[in-house]
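Coordinate inspection notes
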Amino acid sequence: LMSDGKTEHRLRKYYPLLKNGELQYVIGYGVDVTSIVDADEKVKKQKNFYESILDRMPIEVGIIDHELRFVYLNKKTVKRDEIREWLIGKTEQDYVEKTGKGGEFITNRVAMENAALATGETQQWRETYRLGASDELHILRTISPYEGPKKEKFLLATGSDVTAIALAEKEL
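Here goes a summary of the coordinates provided. Bear in mind that the values here come from a model prediction, so they are computed numbers and not experimental data.

**What about the pattern of salt bridges?**
Side chains that differ in charge, positive against negative, can pair when their charged atoms come close. Tallying each qualifying case throughout the model produces 15 salt bridges. Among the ionic pairs, Glu 60 bridges to Arg 141, the shortest N-O distance being 2.3 Å. With Glu 60 in strand E3 (residues 60-65) and Arg 141 in strand E6 (residues 136-147), the pair connects residues that are 81 residues apart, well separated along the chain. With respect to burial, Glu 60 and Arg 141 carry one shared label: buried.

Now the structure itself:
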């Protein structure tokens, strides 16, 4: 802690100098890394801020890398924290194998993800889940490709509950 109340961060290294196996001197140096630590804390705060916004959205939001691994999933996409956290760095197939859920949709999802990466165009489709004998849940899925700051390819995946629209369409 410095005299002005601010915290200073130093990276220190020490090297012992031995003579005939006995310590004679210790040479050390320190480098001020305060700006690096402060910048890292700022990035963490920004990340937490933006993720808190995405977690409150009423739609499913996910980021997928060019190898179809999940980079980010909001709480609407996967409600259980331990599963959502486990999924980061994993694929749709890994999710199906772990949970036994969604297997009927995986072939189409992966095809749409690959199409978005290959064409650079947004892909959109509807998935229908059976929730018992007569109830259904309709999700409109959208996959949009984009380039990261280092020209890496990512997919922005969203899912919106369109059940009310689907029911209205049936009544028409």
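**Here we look at the side chain of Glu 92**
Looking at where Glu 92 falls in the secondary structure, it is placed in helix H3 (residues 92-99). Under the relative-accessibility criterion, Glu 92 is labelled buried at 9%. A distance of 3.1 Å separates the side chain of Glu 92 from the side chain of Arg 109, its partner in a polar contact. Beyond its immediate stretch of four places on either side in the chain, Glu 92 contacts Leu 68, Phe 70, Ile 106, Arg 109, Val 110 and Glu 113.

**As for the sheet that holds strand E7 (residues 153-161)**
Strand order across the open sheet formed by 5 strands is E4-E3-E7-E6-E5, with antiparallel pairing between neighbours. The sheet is open, and its two borders are formed by strand E4 (70-73) and strand E5 (123-130), each paired with just one other strand. When strand polarity is set aside, the average angle formed by the axes of neighbouring strands in this sheet is 20 degrees. Pairing of E3 with E7 involves 6 bridges; the strand directions are antiparallel. Bridge pairing in E7 places Ile 64 opposite Leu 155. Contacts from helix H5 (residues 163-171) reach E5, E6 and E7 within the one sheet, and its direction differs from that of E6 by about 125 degrees.

**Re a nonpolar patch on the surface**
Nonpolar side chains collect at one region of the surface, where Leu 11, Tyr 15, Leu 17, Tyr 25, Ile 27, Tyr 29 and Val 31 lie side by side and expose about 700 Å² of accessible area between them. Going through the elements one at a time, strand E1 (10-19) and strand E2 (22-32) are the ones with two or more residues in the nonpolar patch. If you tally residues by element for the nonpolar patch, the top one is E2, at 4 residues. Here Tyr 15 lies in strand E1.

Reading the values: rules and limits
Residues numbered from 1 in each chain as written. Predicted model: local features only at pLDDT ≥ 70, side-chain atom pairs only at ≥ 80, totals over all residues. Heavy atoms only, no water. Salt bridge = Lys/Arg side-chain N within 4 Å of Asp/Glu carboxyl O. Helix = DSSP H or I, 4+ residues; strand = E, 2+ residues; numbered from the N terminus. Buried < 20%, exposed > 50% of the residue type's maximum accessible area, 1.4 Å probe, protein only. Polar contact = N/O pair within 3.5 Å; in protein donor to acceptor, adjacent residues only side chain to side chain. Contact = heavy atoms within 4.5 Å. Pairing = 2+ DSSP bridges. Axes fitted to C-alpha atoms, helices over the stretch in contact; angles between N-to-C directions. Patch = residues over 30% accessible without salt bridge, like charges linked within 9 Å, V, L, I, M, F, W, Y side chains within 5 Å. Areas by Shrake-Rupley, 256 points an atom, 1.4 Å probe, with all protein chains shown as cover.

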